[in-house]
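Residue strings, one per chain:
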Amino acid sequence: MSQTTADLPDISYPVLCWREGYIYLAATPLELCAHPRSMFEETAQRARAGEWHLVDADGRSFDVLDFIRVRPFGGIRAIGPWLLRSIFAIPVLANEARLPLSEFKKTLIGAIRSRYQYDSDKAPAARAIRLLQSADSYAAAIDALPKR
């Protein structure tokens, strides 16, 4: 655990992390790096298998190669995750690509469709996709994502 928060990737928040069937919108580095203890090993293994991806608010796309454990950070805001015994881990990013807005929106739509493909209630996905299709900026596209 020699890594520090100085090793946080240089990305713009909010960010969307996703893999097949799962999306997670993180508004802050703390939200990105605090992981439920019960899920951390599976999350790290899936990253090493090439399943995790991330896009940031500047329209950049990355592959997540791994998660490196770090000491808890975030000051008073980290009390909740710390009390819940969360594991703090920084994503290791690679293969950065700057996406044109149209490709960025297609990437987000693909992540949303993957997440909601087996849900009986597809209304949140349909709303988000409608908003995404009319987004005129990277920020508007990220803002269109389902919050839950």
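Residues numbered from 1 in each chain as written. Predicted model: local features only at pLDDT ≥ 70, side-chain atom pairs only at ≥ 80, totals over all residues. Heavy atoms only, no water.

Colleague: I tried to follow the overall build of the chain on my own but got confused; where do I start?
Modeller: In terms of helices and strands, the chain carries six helices and six strands. Counted from the first residue to the last, the chain has its helices and strands arranged as β-β-α-β-α-β-β-α-β-α-α-α. Taking all 148 residues of the chain together, 42% fall into the buried category. Across the chain, the fraction of contacts at a sequence separation of at least 24, relative to all contacts at a separation of at least 6, is 65%. Approximately 8400 Å² of the chain is accessible, and the part contributed by carbon and sulfur atoms is 52%. (Helix = DSSP H or I, 4+ residues; strand = E, 2+ residues; numbered from the N terminus. Buried < 20%, exposed > 50% of the residue type's maximum accessible area, 1.4 Å probe, protein only. Contact = heavy atoms within 4.5 Å. Areas by Shrake-Rupley, 256 points an atom, 1.4 Å probe, with all protein chains shown as cover.)

Colleague: Which parts of the structure should I look at to understand the layout of surface pockets?
Modeller: Here the idea is plain: a probe the size of a water molecule rolls over the atoms and shows the empty space left. What the largest pocket holds in volume is close to 390 Å³. As for the largest pocket, its lining consists of 18 residues, of which Tyr-22, Tyr-24, Ala-34, His-35 and Pro-36 are closest to the centre. Listed by contribution, the elements that provide at least two residues to the lining of the largest pocket are strand 1 (15-19), strand 2 (22-26), helix 1 (29-33), strand 3 (34-35) and helix 2 (37-48). Top contributing element to the lining of the largest pocket by residue count: helix 2, with five residues. Grouping the amino acids of the lining of the largest pocket by side-chain chemistry returns 12 nonpolar, two polar and four charged. (1 Å grid on protein atoms, 1.4 Å probe; cavity = no way out; pocket = protein on both sides within 12 Å on 5 of 7 lines; lining within 4 Å. Points joined across faces, edges and corners; volume = space filled by probe spheres on them. Nonpolar A, V, L, I, M, F, W, Y, C, P; charged D, E, K, R; others polar.)

Colleague: Sorry if this is basic, but what is going on with the sheet that holds strand 5 (residues 60-69) here?
Modeller: Strand pairing within a sheet occurs via backbone hydrogen bonds; the two strands may be parallel or antiparallel. Pairing is antiparallel across the open sheet formed by six strands, whose spatial order is 2-1-4-5-6-3. Across the chains shown, the open sheet's two edge strands, defined by having one partner strand only, are strand 2 and strand 3. Note that strand 3 and strand 6 (residues 87-98) share two bridges and pair antiparallel. Considered in strand 6, the bridge of His-35 is made with Ile-87. On top of the sheet, helix 4 (residues 101-116) reaches strand 1, strand 2 and strand 4 (53-56); it is set at about 50° to strand 1, its chief contact. (Pairing = 2+ DSSP bridges. Axes fitted to C-alpha atoms, helices over the stretch in contact; angles between N-to-C directions.)

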